[in-house]
Amino acid sequence: MDAPTPSPAAETARRTSIGSGFAGNAGRWIALVWGLVACALIAQIIYPLVSGDSRDGVTVAVVALLAAASIVHAVIARGPAWTSLLFAATAGLGLVAEMIGTATGFPFGSYFYATDRLGPDILGVPAVVPLAWTAGFYPIWCAVGYVLERTRASPKWQSRQRIVITAAGMVGWDLYLDTQMVTDGQWTWTSGNPGLPGIPSIPFTNYLGWFATALIMAVVIEYVGKRFDTRRKYGPRVSDAAPVVLFMWTWLGSALAHAALLDGDELKSSAIYGFCAMGVVGIPLAWMWTWKPREDSVTA
């Protein structure tokens, strides 16, 4: 015998109860998110000040803290089911892409990771690397959403734009990340393909591979994730302030670090490329965040 369908009033009461329960604990979870964000920013400030094994340790800490901040925020803002999908689509698909990439050279080009520098590895890929895909993707996804939600585009058009712009933003982030890590010797490219002017050591195929991989991730999260996103269903809304802060810090802070704080000939060029590529999202985001604020009932 099928269970009776709850009345609209009963369903509203159930959702209100869930929201009230969340609101009672929201402050502690929000504090945790901002604590993780603060620790991640501090670790990144420390990065240029250390070298050798200490810098390797800071690198791992930065990735772990950024991933933790993203995951905790996603849980309280969009629900555990959506967060599980996020992790599977970013860390999971990222790991698969990296394992195929190091073994075959597709889709990024031929490269290999340094050994015994970033902790244990999974078939030649440091275990921390999949977390970097999550740590990079989520703030960009939220930043793109923040901008698009404040436009007059239809929801269907917003979805398509969000997928493409998020993938492009990931390429912008990699223009910082890859150049910095190659300069530090964390991985080495052996591909014979040419690179961008000023960054000859990284083949252009890497950026095409990043765009294609991130595009698949964004498609999965956009279309499958709609089934699980609880952000607008239950209780007070938790804003995306924390991941947006991480995006802005990455965009502007990495440009500054590459231009003035870190040593490496190619870093001066990556400062320009990364700033321009991520600026496709960062510039309208900064304008909207400054001049078109939207009040949220809970800040995180």
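Everything that follows concerns the structure shown earlier in this document.
Procedures and definitions
Residues numbered from 1 in each chain as written. Predicted model: local features only at pLDDT ≥ 70, side-chain atom pairs only at ≥ 80, totals over all residues. Heavy atoms only, no water. Helix = DSSP H or I, 4+ residues; strand = E, 2+ residues; numbered from the N terminus. Expected span 1.5 Å × (residues − 1). Core = buried A, V, L, I, M, F, W, Y, C linked by side-chain atoms within 4.5 Å. Buried < 20%, exposed > 50% of the residue type's maximum accessible area, 1.4 Å probe, protein only. Contact = heavy atoms within 4.5 Å. 1 Å grid on protein atoms, 1.4 Å probe; cavity = no way out; pocket = protein on both sides within 12 Å on 5 of 7 lines; lining within 4 Å. Points joined across faces, edges and corners; volume = space filled by probe spheres on them. Nonpolar A, V, L, I, M, F, W, Y, C, P; charged D, E, K, R; others polar.

*Asks:* Explain helix α2 (residues 52-78) residue by residue, including any values.
*Replies:* Taking 1.5 Å of rise per residue, the 27 residues of α2 would be expected to cover 39 Å, and the 39 Å separating its terminal C-alpha atoms lies within 8% of that figure. Following α2 by one or two positions, glycine 79 adopts a phi angle in the positive range, close to 100°.

*Asks:* For unusual backbone geometry, give the residues involved together with the corresponding values.
*Replies:* Here the amide bond leading from phenylalanine 106 into proline 107 is cis, since omega sits at 10°, within 30 degrees of zero. The residue proline 107 is located in the loop between α3 (80-104) and β1 (111-113) in this model. In this structure, aspartate 116 is a non-glycine residue whose phi angle is positive, near 60°. Tracing the backbone shows aspartate 116 in the loop between β1 and β2 (121-122). Positive phi outside glycine occurs at leucine 123, with the angle close to 50°. Of note, leucine 123 is situated in the loop between β2 and β3 (125-126).

*Asks:* Account for the nonpolar core, naming residues and giving values.
*Replies:* In this structure, Phe137, Met170, Trp173, Trp210, Phe247 and Leu285 are the most contacted members of the largest nonpolar core, which totals 78 residues. Of the residues forming this core, the biggest block, 15 residues, is contributed by helix α4 (residues 128-148). With residues near it in sequence (within four places) discarded, tryptophan 173 still touches Ala132, Gly136, Ile140, Trp210, Thr250 and Met278.

*Asks:* So what about the layout of surface pockets? Which residues, and what values?
*Replies:* In this model, the largest pocket occupies a volume close to 830 Å³. Together, 44 residues line the largest pocket, and Gln44, Val62, Trp173, Leu177 and Gln180 are the ones closest to its centre. Of all the secondary structure elements, the ones that give two or more residues to the lining of the largest pocket are α1 (8-46), α2, β1, α4, α5 (155-183), β4 (187-189), α6 (204-223) and α7 (241-261). By residue number, the principal contributor to the lining of the largest pocket is α7, which donates 10 residues. Considering only residue class, the lining of the largest pocket consists of 33 nonpolar, nine polar and two charged.

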